[in-house]
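The lines below spell out each chain.
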Amino acid sequence: MTSTKESSREIICIVEKANREQFSKARLLVVGDVMLDRYWFGDTSRISPEAPVPVVQVGKIDERLGGAANVARNVAALGAKTTILGVIGDDEPGNRVTELLNSSGVDSQLEIDGKVPTTVKLRVIARQQQLIRLDFEEAPSEAALAHKLERYEKLVCDADVVILSDYGKGALGQVALMIEQARAQKKMILVDPKGDDYAKYRGATVLTPNRSELRQVVGQWTSEEDLTKRAQELRKSLNLEALLLTRSEEGMSLFTDAGVSHVKAQAREVFDVSGAGDTVIGTLAVSLAAGWPLERAMALANRAGGIVVGKLGTATVTSEELQ
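Trainee: Please explain the packing of helix H4 (residues 142–155) against helix H5 (residues 175–184) as it appears in this structure.
Mentor: Their axes nearest at 10 Å, the elements H4 and H5 cross at an angle of 15 degrees. One finds that H4 runs roughly parallel with respect to H5. Crossing geometry of H4 relative to H5 is assigned as right-handed. Touching Lys148, Leu149, Tyr152 and Glu153 of H4 are Leu177, Met178, Ile179, Gln181 and Ala182, all from H5. For the contact of H4 with H5, a count of residues per class yields six nonpolar, one polar and two charged.

Right, here's the structure in full:
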């Protein structure tokens, strides 16, 4: 006779297998600002004689995908078929981005722009403290953006869900047109927004701002009722199916025509929030591509975000960790 505990374990295994199979059939296209995150780790024990700053003896260098590339990496880590479209420079960091994407199982369809450098964020860390971040970036050329749009028109046909990852670096200069083209093919469109002009995202399926990003657009709310009113007004004005607000320690709130629903934050020690939004939108997109309803997809994305903030730097969450 099988015990109740054994039966429950069998059911969980069946559900896990079903989820993995669903995710493996999902096809996602990630478009946006591609970056290389570099970390220089070292120790510091003295102050420079040249200026009142610590001297760091670098002992380890780490390189990871950032921005839209980290979103794609998170999508691929869940087993989905993943393609990325963005712009990199004709340089060593660009080559490194391509290598990291290939090793992550992502189909790289990056436009190479010889007129600008690949966007790089360099962080210097000593004794588990980030001392400084150096950014190297320039907006893509008009020619590179035009070529990227041509590739997008072809790639969007094969995707179940499109993720537009906007870090404000210029790769999504034609985002309104991209949304229009995806809608014409009845694709689901998820947008991680940037800046205070959300009109360009009109017509997307789901928008995923965090608290500070939403405040830039709707202002400071005074209560949950006031937040709901402002969020729903924004959602309707932009013709969105849903607005998913990520709220750090307060969890997430999902605003739809049916009303608002919440999930509590996962109780975990927060080590590093870098790239947490990438993990959230990637997990949400894979779940929706697999046919999950929005509220269930939000719950899984919330769990993924709770796991990834316990890791250093931009990181991923696997299906196994989510289970």
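Once you've had a look at it, read on.
Trainee: Help me out: how do you make sense of the sheet that holds strand E3 (residues 54–67) in this one?
Mentor: Where strands meet in a sheet, backbone hydrogen bonds hold them as pairs that are either parallel or antiparallel. Reading across the sheet, the four strands line up as E3-E2-E8-E9 and stay open at both edges, with mixed pairing between neighbours. What marks the edges here is a single partner per strand, and that holds for E3 and strand E9 (129–136). Across the sheet, the axes of successive neighbouring strands diverge by a mean angle of 20 degrees, strand direction being ignored. Inspection of the sheet shows strand E2 (residues 34–47) paired to strand E8 (residues 119–126) by eight bridges, in the parallel sense. Among the inter-strand pairings, Leu36 is bridged to a residue of E8, identified as Val120. On the sheet, helix H2 (residues 68–77) packs against E2 and E3 and is oriented at approximately 65 degrees with respect to E3.

Trainee: Where do I start with the pattern of salt bridges in this structure?
Mentor: A side chain of one charge can pair with a side chain of the opposite charge when the charged atoms of the two come close. Tallied over the entire structure, the rule returns 18 salt bridges. Note that Arg123 and Asp37 form a salt bridge whose closest N and O atoms lie 3.6 Å from each other. Taken together, the positions of Arg123 in strand E8 and Asp37 in strand E2 put the pair 86 residues apart, joining distant regions of the chain. Taken as a pair, Arg123 and Asp37 share a single burial class, namely buried. As a salt-bridge pair, Arg247 and Glu250 come within 3.1 Å of each other at their nearest N and O atoms. Overall, Arg247 belongs to the buried group, its relative accessible area being 4%. Connected via shared salt-bridge partners are Arg38, Glu63, Glu92, Arg96 and Glu99.

Trainee: What is the right way to look at the pairing of strand E14 (residues 252–256) in this model?
Mentor: For a regular strand, the rule is simple: side chains alternate between the two faces of the sheet. A large share of E14 lies buried, amounting to five of its five residues. Of the two faces of E14, the one holding Met252, Leu254 and Thr256 and the one holding Ser253 and Phe255 are both buried throughout. For strand E13 (residues 242–246) and E14, the ladder comprises four bridges, and the chain directions are antiparallel. Residue pairing in the sheet places Leu245 in a bridge with Ser253 of E14. Between E13 and the antiparallel strand that follows it, E14, lie five residues; Ser248 among them carries a positive phi value of about 55 degrees. Here E14 pairs with strand E15 (residues 259–263) via five bridges, running antiparallel.

Trainee: I keep staring at the sheet that holds strand E12 (residues 206–207) and nothing clicks. Help me out?
Mentor: In spatial order, the strands read E6-E4-E1-E10-E11-E12-E13-E14-E15; together these nine strands make up an open sheet with mixed pairing. Among the strands making up the open sheet, the edge pair consists of strand E6 (107–108) and E15. In terms of strand pairing, strand E10 (residues 161–165) meets strand E11 (residues 188–192) through five bridges, oriented parallel. Looking at the pairing, Ser165 lines up with Asp192 of E11. Helix H7 (residues 224–237) rests against E13, E14 and E15 of the sheet, and its axis sits at about 50 degrees to E14.

What counts, and where the lines are drawn
Residues numbered from 1 in each chain as written. Predicted model: local features only at pLDDT ≥ 70, side-chain atom pairs only at ≥ 80, totals over all residues. Heavy atoms only, no water. Axes fitted to C-alpha atoms, helices over the stretch in contact; angles between N-to-C directions. Helix = DSSP H or I, 4+ residues; strand = E, 2+ residues; numbered from the N terminus. Parallel < 35°, antiparallel > 145°, perpendicular 65-115°, else oblique. Left-handed = near helix turned anticlockwise from the far one by under 90°. Contact = heavy atoms within 4.5 Å. Nonpolar A, V, L, I, M, F, W, Y, C, P; charged D, E, K, R; others polar. Pairing = 2+ DSSP bridges. Salt bridge = Lys/Arg side-chain N within 4 Å of Asp/Glu carboxyl O. Buried < 20%, exposed > 50% of the residue type's maximum accessible area, 1.4 Å probe, protein only.

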